[in-house]
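Residues per chain, in single letters:
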Amino acid sequence: MPLLTKAAADPAAPETRTGPDGPPGDGRRPRRPLGRHNLYGWLFSTPFLVLFAVFMAFPIVATLLMSFTDFGARHVTRPLEAEFVGLENYTELFEDDRFLKALFNTAYFVVVGVPLTILLGLLVAILLNNGIDRARTFFRVGFYAPVVTAIVAVAVVWRFVLDPSDGLIAGLAAELGMTAPDFLGSETWAMPSLIAMAVWRNLGTVMVLFIAGLQAVPADVREAARLDGAGAWQEMRRITVPLLRPTMLYATTIGYLNVFEEPFVMTQGGPSDATLTVSLDMYREGFNFFHMGYASAMAYVLFVVIMGITVLQLRLLKDNTR
């Protein structure tokens, strides 16, 4: 005959409730009202929300509205007097030869600079992760140092390197009996020079990302590939690079699409607008000529381009290894 529980044997015994709504004596903490937790969360989030609304959300919305007006310097103190012009700013953009030139220069900067940065960053990451045993930390710090170096210091170094008369490259060319070109003063060489500078500055960031990605590649996958007869190149192409695709998402092109510091400090967009980028053109229109509505339209055109490329990257580089 099965044994009866105490509750079944004694029908008069009070029912014992268990679970989150049970009495404190059952070992569980009583459930607090959910509204109080929400209130505490909103209270702690309020400082951030206020800062975000004032310095992020409001400027974004204001810039979007300005892009449909003729907002200029005279409207800074009287913004409501700005005249609504609809899509006129956007249509003028694609009839503006300077903006189209800036758009082409930015595309050139991205198409050449991003692959170079990724390839060199991956190469350096592989060398520091596998090929270099001594002074590995020293090399990592050395490659990452340009990332945290001020742009003014970088500009001074690169002006010395690229100076056509007394620069480092000019001196080496003279030793070989050649003449170095005027890198920053030539329409042919100015943009490649800025690309080289940008690759040098951003190489450290990509290197760190790829080192983290390489260390996350499972060792048993590599060993299995070697047992199957895969060589170094096949292992890289078939295993390492596909597994690094999620890491490549962080090495995005957004920084290169927003390129501003390099041409602003080194060339001011010259010579003959050969290094003029969309961000630099936007800065000029907004803060030099005070065509703020027109500059706002430029900002949103660039925003749409960045969003499109980001969606494309997410589709191409999403993790398909599962």
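Let us look at the structure shown here. (Residues numbered from 1 in each chain as written. Predicted model: local features only at pLDDT ≥ 70, side-chain atom pairs only at ≥ 80, totals over all residues. Heavy atoms only, no water.)

Thoughts on the overall build of the protein chain
Along the protein chain, the regular secondary structure elements total 15 helices and zero strands. Buried positions account for 34% of the 322 residues belonging to the protein chain. For the protein chain, the exposed surface amounts to about 20600 Å²; the carbon and sulfur share of it is 66%. (Helix = DSSP H or I, 4+ residues; strand = E, 2+ residues; numbered from the N terminus. Buried < 20%, exposed > 50% of the residue type's maximum accessible area, 1.4 Å probe, protein only. Areas by Shrake-Rupley, 256 points an atom, 1.4 Å probe, with all protein chains shown as cover.)

A word on a nonpolar patch on the surface
On the surface, a nonpolar cluster with roughly 1200 Å² of combined accessible area is contributed by Trp 42, Phe 48, Leu 49, Val 50, Leu 51, Phe 52, Val 54, Phe 55, Met 56, Ile 60, Val 61 and Leu 65. Mapped onto the secondary structure, Val 54 falls in helix α2 (residues 34-66). (Patch = residues over 30% accessible without salt bridge, like charges linked within 9 Å, V, L, I, M, F, W, Y side chains within 5 Å. Salt bridge = Lys/Arg side-chain N within 4 Å of Asp/Glu carboxyl O.)

Quick notes on the environment of Val 301
Checked against the element boundaries, Val 301 lands in helix α15 (residues 292-316). A relative accessible area of 12% places Val 301 in the buried class. Between the alpha carbons of Val 301 and Val 278 there is a distance of 9.6 Å; along the sequence they are 23 residues apart. The contacts of Val 301, once residues within four sequence positions are left out, are Tyr 90, Leu 93, Phe 94 and Phe 99. (Contact = heavy atoms within 4.5 Å.)

Describing the nonpolar core
One finds Leu 93, Phe 109, Phe 210, Tyr 256 and Met 266 to be the most contacted residues of the largest nonpolar core, which totals 54 residues. For this core, the elements supplying multiple residues, two or more each, are α3 (88-93), α4 (97-131), α6 (151-162), α7 (168-175), α8 (190-215), α12 (254-257), α14 (278-288) and α15. Ranked by residue count, the leading element in this core is α8, at twelve residues. Dropping the residues within four chain positions of it, Phe 210 is found in contact with Ile 118, Gly 121, Leu 122, Ala 125, Leu 244, Thr 247 and Met 248. (Core = buried A, V, L, I, M, F, W, Y, C linked by side-chain atoms within 4.5 Å.)

Here we look at the environment of Arg 201
Relative to the helices and strands, Arg 201 is located in helix α8. As a C-alpha pair, Arg 201 and Tyr 144 span 57 residues in sequence and 8.3 Å in three-dimensional space. Arg 201 has contacts with Pro 146, Val 147, Thr 149, Ile 151, Val 154, Glu 261 and Glu 262, leaving out every residue within four places of it along the chain.

Brief notes about the pattern of salt bridges
Enumeration according to the criterion identifies six salt bridges in this entry. Here Arg 78 ties to Glu 81 by a salt bridge, and the two come within 3.1 Å at their closest N and O atoms. The salt bridge involving Arg 284 is made with Asp 273; its shortest N-O contact spans 3.9 Å. Of the two residues, Arg 284 sits in helix α14 while Asp 273 sits in the loop between α13 (261-266) and α14, which places them eleven residues apart along the sequence. Shared partners join several salt bridges into a network, and the residues in it are Arg 98, Asp 273 and Arg 284.

Regarding the packing of helix α5 (residues 136-144) against α8
At a closest axis distance of 7 Å, the pairing of α5 and α8 adopts a crossing angle of 140 degrees. When the axes of α5 and α8 are compared, the pair comes out oblique. Counting all contacts with α5, which are made through Arg 140, Phe 143 and Tyr 144, the residues of α8 involved are Leu 203, Gly 204, Thr 205, Met 207, Val 208, Ile 211 and Gln 215. Here the contact of α5 with α8 is built from residues that sort into six nonpolar, three polar and one charged. (Axes fitted to C-alpha atoms, helices over the stretch in contact; angles between N-to-C directions. Parallel < 35°, antiparallel > 145°, perpendicular 65-115°, else oblique. Nonpolar A, V, L, I, M, F, W, Y, C, P; charged D, E, K, R; others polar.)

Notes on the packing of α6 against α8
The geometry of α6 relative to α8 is characterised by a closest axis approach of 12 Å and an angle of 130 degrees between their N-to-C directions. Classified by the angle their axes make, α6 and α8 are oblique. α6 and α8 meet at a crossing whose hand is right-handed. In this structure, α6 contributes Ile 151, Val 154, Ala 155, Trp 158 and Leu 162 to the contact, and α8 contributes Ser 193, Ala 196, Met 197, Trp 200 and Arg 201. Across the contact of α6 with α8, the residue classes tally to eight nonpolar, one polar and one charged. (Left-handed = near helix turned anticlockwise from the far one by under 90°.)

A closer look at the packing of aromatic side chains
What the rule picks out here adds up to twelve aromatic pairs. With a centroid separation of 5.7 Å and an interplanar angle of 80 degrees, the aromatic rings of Phe 183 and Trp 189 are classed as edge-to-face. Site record: aromatic cluster; members linked through ring pairs are Phe 260, Phe 264, Tyr 283 and Phe 287. (Phe/Tyr/Trp six-rings, centres within 6.5 Å; stacked < 30°, edge-to-face > 60°.)

With respect to the side chain of Asp 96
Along the chain, the position of Asp 96 falls in the loop between α3 and α4. Arg 98 provides the closest opposite charge to the buried, salt-bridge-free Asp 96, at an N-O distance of 5.9 Å. A polar atom in the side chain of Asp 96 sits 2.9 Å from the side chain of Tyr 294. (Lys, Arg positive; Asp, Glu negative; His and termini not counted. Polar contact = N/O pair within 3.5 Å; in protein donor to acceptor, adjacent residues only side chain to side chain.)

Considering a negative patch on the surface
Where like charges cluster on the molecular surface, the negative patch consists of Glu 83, Glu 88, Glu 92 and Glu 95. Within the secondary structure, Glu 95 is located in the loop between α3 and α4. A residue is classified by how much of its surface remains accessible, and Glu 95, at 64% relative accessible area, is exposed. (Charge placed at Lys NZ, Arg CZ, Asp CG, Glu CD.)

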